[in-house]
Amino acid sequence: MTPATITQSTPAKLSLAGAWTTRGLDAIGPQIAALGRAPGSAMVVDSARIEALDTAGAWVLQKLLQRLRGEGEAGVGVQLLDLRPEFARLLEVVGQAAVLPAAPAARRSTSKLEDLGRSTVAVLEQALALLGFVGEVAVALAGCVAHPARCRWRPLLYNLRSAGFDALPIVGLLSFLLGIVIAYQGAGQLRQYGANIFVADLVGLSMLREFAPLITAIIIAGRSGSAYAAQIGTMSVTEEIDALRTLGISPLELLVLPKIFALAVALPLLTVFSDVLGVFGGMLMARAQLGVSFGEFIDRFVKAVSVTSYLVGICKAPVFAMIIAVIGCFQGFRTRGGADSVGRQTTRSVVQSTFLVILADALFSVAFSALDL
């Protein structure tokens, strides 16, 4: 086949010939640049001698026609003659894809009340979608309980290691520092009243009941919850989720349930680890600031902190784990578009998980106070 060529026999007539394909368009650029159009006359483009046309050639031809129409006067058009029917269909498809989207209309000014209403509707829609997602997870969980062979043990063990064992250093360090801070801040006030020994009450009750489960949940929300959203969001963007459904694999059973099970096991164990490190940090600061020895601290600690106080903190952990895992996976599945959407949904997962964990902790405090626990 001969390369694509353009011949301008008259100012108002063009003749196209050759193979308008990827390989035949090498020399077409200078020919298009040298074209001119007679003002005030209709332009005729003869395409009878086009031998072949692919999408690249159709794109170039579409751009050529757009340029000729743009250079003409109003009401004076461009006629494309004798193009083969199969070429005409391809040109039409490429022309539809080449149409630029219309410029977005200027957003009309809205009142603050309308903005508030829109924001409220968006929040309610997201809450309804979250409720539906929780229902889907519950159905998938019931299916795994009814058919244990469907449980994915390998992903469960992997998530247990990544969300549990790998989080021990950061959880232990921050809990240790938090115990030191609590003892240090209380040391000045206790020293004034000669109540140095009560630092064990302060550190023990605050760490075991409130700070250890809360700080552990917040760390895991920022560490593992964001990872869940980013992983599932990336899979959504790259259409891996759709591929799993095509293969007949449930994304909830493969991606969501192992994360929920693993975090429900790992977070209580991390809370116990946080309890130990936090109390140990408080013991060191009590000895350094208040002169309370380890033996005296432990003796008072056993008397001040009951098993109930310890279990109150532990029983919060599975609830926090469910919140973190469900929110992280939910925001991951809501990812649409590209990388910016992955980052946006990851940020939302951390913010919403942290907010709901603190809200749940406040509700626990009210409930335990009403139950006198």
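Here's a quick rundown of the structure. Keep in mind the model is a prediction, meaning the values are calculated, not measured.

1. Describing the overall build of the protein chain
In terms of regular secondary structure, the protein chain is built from 12 helices and four strands. Relative to the 2.2 N^0.38 estimate, which gives 21 Å for 373 residues, the radius of gyration of the protein chain is 34 Å and therefore markedly larger than a compact globule would have. Oriented by its inertia axes, the alpha-carbon framework of the protein chain measures out at about 105 × 50 × 40 Å. For the protein chain, the proportion of its 373 residues judged to be buried stands at 40%. Counted over contacts in the protein chain with a minimum sequence separation of 6, partners at least 24 positions apart contribute 82%. For the protein chain, the computed accessible surface area is about 20000 Å², with 66% contributed by carbon and sulfur atoms. Side-chain charges of the protein chain comprise 30 positive and 26 negative groups, with the mean position of each set lying 2 Å from the other.

2. Points about the nonpolar core
One finds F133, V256 and L263 to be the most contacted residues of the largest nonpolar core, which totals 41 residues. For this core, the secondary-structure elements that each account for two or more residues are α4 (112–146), α7 (199–237), α8 (240–246), α9 (251–290), α11 (307–333) and α12 (339–370). It is α11 that contributes the most residues to this core, 12 residues altogether. Setting aside anything within four residues of it in sequence, one finds V256 in contact with F133, V137, P251, C329 and F333. Residues L35, L68, L83 and L91 belong to the second largest nonpolar core, which totals 24 residues.

3. Remarks on the side chain of S162
Considering the arrangement of structural elements, one finds S162 in helix α5 (residues 153–163). Among the polar contacts listed, one links the side chain of S162 to the backbone oxygen of N159, at a separation of 3.2 Å. Apart from the residues within four sequence positions on either side, S162 is in contact with A167 and R223.

4. What about unusual backbone geometry?
The backbone phi angle of D82 is positive, close to 60 degrees, even though this residue is not glycine. Assignment of secondary structure puts D82 in the loop between β4 (78–81) and α3 (85–98). Overall, D82 belongs to the exposed group, its relative accessible area being 55%. The phi dihedral of E239 is positive, around 65 degrees, even though this residue is not glycine.

5. Side note on the pattern of salt bridges
Scanning the model with the defined rule gives seven salt bridges in all. Across the pair R245 and D242 runs a salt bridge whose closest N-O atoms are separated by 3.7 Å. Of the two residues, R245 and D242 are both situated in helix α8; the distance of three residues between them amounts to about one turn of the helix. Residue D242 is classed as partly exposed on the basis of its relative accessible area of 42%. The shortest N-O distance in the salt bridge between K316 and D361 comes to 3.0 Å. Of this pair, K316 sits in helix α11 while D361 sits in helix α12, and the two are 45 residues apart along the sequence. We note that K316, like D361, is buried. The structure contains a network of salt bridges with shared partners spanning E210, K316 and D361.

6. Regarding a positive patch on the surface
Among the surface-exposed residues, R334, R336, R344 and R348 lie close enough to one another that they form a single positively charged patch. Position of R344 relative to the elements: it lies in helix α12.

7. Things to note about the sheet that holds strand β1 (residues 5–10)
Neighbouring strands of a sheet are bound in pairs by backbone hydrogen bonds; such pairs are parallel or else antiparallel. Spatial strand order, β1-β2-β3-β4: four strands in an open sheet with mixed pairing. The sheet is open, and its two borders are formed by β1 and β4, each paired with just one other strand. Strand-to-strand twist in this sheet, taken as the mean axis angle between neighbours without regard to direction, amounts to 20 degrees. Relative to strand β2 (residues 13–20), β1 runs antiparallel, the two being bridged by four bridges. What sits directly across from I6, in β2, is L16.

8. As for the packing of aromatic side chains
When we look at a pair of aromatic rings, we describe it by the centre distance and by the angle of the planes. One pass over the structure, following the stated rule, counts six aromatic pairs. Residues F133 and F330 carry aromatic rings whose centres are separated by 5.7 Å and whose planes lie at 50 degrees to one another, so their mutual orientation is tilted. With F133 in helix α4 and F330 in helix α11, this residue pair connects regions lying 197 residues apart in the sequence. The same class applies to F133 and to F330, which are both buried. Look at F297 and F301: their rings are 6.4 Å apart centre to centre, the planes differ by 15 degrees, and that puts the pair in the stacked class. Highlighted residues: F297 and F301, both in helix α10 (residues 294–304), separated by four residues, approximately one helical turn. In this pair, the class of F297 matches that of F301, namely buried. Three or more aromatic residues joined by ring pairs form one cluster here, namely F133, F330 and F333. Of note, R287 hangs over the ring of F294, and the distance from its end group to the ring centre comes to 5.0 Å.

9. Digging into α5
When α5 is considered as a whole, its buried residues turn out to be L156, N159, S162 and A163. Projected onto a plane normal to the axis of α5, the buried residues spread over an arc of 135 degrees and lie on a single side. Exposed side chains of α5 directed beyond 90 degrees from the buried face belong to W153, R154, L157 and Y158.

10. Description of a nonpolar patch on the surface
Taken together, the side chains of I170, L173, L174 and L177 make up a nonpolar region of the molecular surface, amounting to roughly 310 Å² of accessible area. Summarising the element assignment, L177 is placed in helix α6 (residues 168–192). Relative accessible area serves as the criterion here: at 40%, L177 is assigned to the partly exposed category.

Criteria and thresholds
Residues numbered from 1 in each chain as written. Predicted model: local features only at pLDDT ≥ 70, side-chain atom pairs only at ≥ 80, totals over all residues. Heavy atoms only, no water. Helix = DSSP H or I, 4+ residues; strand = E, 2+ residues; numbered from the N terminus. Rg over C-alpha atoms; globule rule 2.2 N^0.38 Å. Buried < 20%, exposed > 50% of the residue type's maximum accessible area, 1.4 Å probe, protein only. Contact = heavy atoms within 4.5 Å. Areas by Shrake-Rupley, 256 points an atom, 1.4 Å probe, with all protein chains shown as cover. Lys, Arg positive; Asp, Glu negative; His and termini not counted. Charge placed at Lys NZ, Arg CZ, Asp CG, Glu CD. Core = buried A, V, L, I, M, F, W, Y, C linked by side-chain atoms within 4.5 Å. Polar contact = N/O pair within 3.5 Å; in protein donor to acceptor, adjacent residues only side chain to side chain. Salt bridge = Lys/Arg side-chain N within 4 Å of Asp/Glu carboxyl O. Patch = residues over 30% accessible without salt bridge, like charges linked within 9 Å, V, L, I, M, F, W, Y side chains within 5 Å. Pairing = 2+ DSSP bridges. Axes fitted to C-alpha atoms, helices over the stretch in contact; angles between N-to-C directions. Phe/Tyr/Trp six-rings, centres within 6.5 Å; stacked < 30°, edge-to-face > 60°. Lys NZ or Arg CZ within 6 Å of the ring centre and 35° of its normal. Arc of directions from axis to C-beta.

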